[in-house]
Amino acid sequence: MNTPSPRLLRALTVSFLLMPVPSGASAEPLRQVPQAQNDVLLSFAPVVKKAQPAVVNVYASRTDKRPRNPLFDDPVFRHFFGEGGNARPGSPTARSLGSGVLVDASGLVVTNYHVIEGMTDVKVALADKREFDAGIVLRDQRTDLVLLRLKGGENFPVMELGDSDALEVGDIVLAIGNPFGVGQTVTQGIVSALARTQAGISDYGFFIQTDAAINPGNSGGALVDLHARLVGINSAIFSQTGSSIGIGFAIPVNMVKIVLAAAKVGGHQVRRPWLGASLQTVSREIADSLGLDRPSGALITDLSAGGPAAEAGLRHGDLITAIDGQSVDDPEGLGYRLATKPLGGAASLTYLRDGKPGTASIKLTPAPEIPARDPVKLKGASPFSGATVINLSPAVSEELSIRGASGGVVISEIEEGSQAALVNFQIGDVIVAIDDAPVKTTRDLEQAVSRSRNYWKLTIGRGGETITTMIGG
């Protein structure tokens, strides 16, 4: 019998390690360090060959045709609203380059929201060099995820989805993407940390950290385990130079599953369970005052009347420490755990009250839309012309990540090239008052902007801040 070549032996060894666990055996893979020289000669090639066809390159572009806006020269206004209204005609086409992962054979691609944000034309190139136009199926800015659908084609290669909760620090992972636009590239590293919540990348900050090299262009690409399964979407790096220094962050695949499930049932937005409570991180001082040995958990600072937390009997000052048995280190961790649960049923919260442990069962229901949105597209000569506004409700606050506002009117859409776009209003801006008169409903605002003025005194809320400024009419 012919002796297999060393390369074939290495491939067979790797393939054996990736075989399904026999029935009755432990589902947990055996983790061990290399024992001999042959162990470190093994190749990841079989993993790459299985995963790579499902990783794509995403190209997005937009030509900015907005004219310069000469009207709004208030320096306080510019500081708050930025310089976006001063784009000139003939500006070069804005371009964005990223990566993505095919997650359904019909042509669904998941990538980062920031890869296509503000872009109007999206193209996707597969590993086999085929290129397709792509439409946007679902945007979920809160998680920095978006789903695209390829136009044309069928039976696309798909990457199997893994379980990010099964990852452990030290597990080997591969990052596949298109760094710097050089072409599809594979890098290897380990899981450096889990549940990173202070990265400041999205609302649900709960990231996988890896030292696999991730660079610009890798955004939206795949973080893959040694079973060629998707465990994360590479999203950001910590760097002072713009290049990889071994600190990269990926969105856990369990969050991707929630977004994918919403898209598959025809949803255009992701609805998630609502806690109905404001939370605070536990500092060392708070931990000492509560008699804790370490700062951990999510402290309730406010409750929404009739919300799931209030109905479950939770109170101001309760410290949530776990949800369904999974420990909670901070509000971001609780937000992630809650957001990855399906609607319906209930979840068990473990908490401390006056130093004594307790449990509460909360309903997994979405935030209510009370009052109704009642959208109005504003017209005329006001600064808001071209903006669509809706009434603020708990559901809208959750959807647009609005904090610190309990009512009023919020901008939900802005027409490109409109007066509102020139002023550089943003989606999520809360219109608090006009000429010191409170704006309570969309109809209030519609009536207020119908009257001509020599100047506009506006009070706007953005990012938890409130500013009042004057704009010429």
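Residues numbered from 1 in each chain as written. Predicted model: local features only at pLDDT ≥ 70, side-chain atom pairs only at ≥ 80, totals over all residues. Heavy atoms only, no water.

Time to look at the pairing of strand 11 (residues 230-237). With seven of eight residues buried, strand 11 is to be regarded as a mostly interior element. Relative to strand 12 (residues 248-252), strand 11 runs antiparallel, the two sharing five bridges. Considered in strand 12, the bridge of Ile233 is made with Ile251. (Buried < 20%, exposed > 50% of the residue type's maximum accessible area, 1.4 Å probe, protein only. Helix = DSSP H or I, 4+ residues; strand = E, 2+ residues; numbered from the N terminus. Pairing = 2+ DSSP bridges.)

The next thing to look at is the pattern of salt bridges. On inspection of all chains with the given rule, the structure shows 17 salt bridges. In this structure, Glu415 and Lys377 form a salt bridge, with 2.9 Å as the shortest nitrogen-oxygen distance. Of this pair, Glu415 sits in the loop between strand 21 (409-414) and helix 10 (419-423) while Lys377 sits in strand 19 (residues 376-377); the two residues are 38 residues apart in sequence, bridging distant segments of the chain. A relative accessible area of 40% places Glu415 in the partly exposed class. A salt bridge links Glu446 to Arg443, with the shortest nitrogen-to-oxygen separation between them at 3.1 Å. Of this pair, Glu446 and Arg443 are both found in helix 11 (residues 442-448), three residues apart, which corresponds to roughly one turn of the helix. Exposure remark for Arg443: the relative accessible area of 42% places this residue in the partly exposed category. What you see here is one network of salt bridges that share partners, running through Glu369, Arg373 and Glu399. (Salt bridge = Lys/Arg side-chain N within 4 Å of Asp/Glu carboxyl O.)

Counting 52 residues, the largest nonpolar core has Leu150 and Met159 as the members making the most contacts within it. Here this core gets eight residues from one element, more than from any other, and that element is helix 5 (residues 253-264). Setting aside residues no more than four positions away along its own chain, Leu150 makes contact with Leu102, Gly107, Val109, Val124, Leu126, Phe132, Asp133, Ala134 and Phe156. By size, the runner-up hydrophobic cluster in this structure holds 20 residues, among which are Leu378, Ile411, Val439 and Leu458. (Core = buried A, V, L, I, M, F, W, Y, C linked by side-chain atoms within 4.5 Å. Contact = heavy atoms within 4.5 Å.)

Confidence in the prediction for the chain averages 82 pLDDT; 83% of positions are at 70 or higher. When the criterion is pLDDT under 50, residues 1-25 qualifies, and its contacts beyond four places in sequence or with other chains add up to 15 contacts. Across residues 76-90, where pLDDT falls below 50, the model places 41 contacts with residues more than four positions away in sequence or in other chains. (pLDDT = per-residue confidence, 0-100.)

What follows covers unusual backbone geometry. The linkage connecting Ile370 with the following residue, Pro371, adopts the cis geometry, with an omega of 5°. Among the structural elements, Pro371 can be located in the loop between strand 18 (356-363) and strand 19. Phi is positive for Asp144, close to 60°, though the residue is something other than glycine. The residue Asp144 is located in the loop between strand 5 (131-140) and strand 6 (145-150) in this model. One non-glycine residue, Asn424, lies in the positive phi region at around 75°. With respect to the helices and strands, Asn424 occurs in the loop between helix 10 and strand 22 (430-434).

Moving on to the packing of aromatic side chains. For the structure on display, the rule yields three aromatic pairs. Relative to Phe156, the ring of Phe132 lies with its centre 5.3 Å away and its plane at 80°, an arrangement referred to as edge-to-face. A residue pair is termed long-range when its members are at least 10 positions apart, and Phe132 in strand 5 and Phe156 in the loop between strand 6 and strand 7 (172-177) qualify at 24 residues. The pair formed by Phe132 and Phe156 is uniform in burial state, with each residue classed as buried. Pairing Phe207 with Phe249 gives two aromatic rings, centres 6.4 Å apart and planes at 70°, and the pair type is edge-to-face. (Phe/Tyr/Trp six-rings, centres within 6.5 Å; stacked < 30°, edge-to-face > 60°.)

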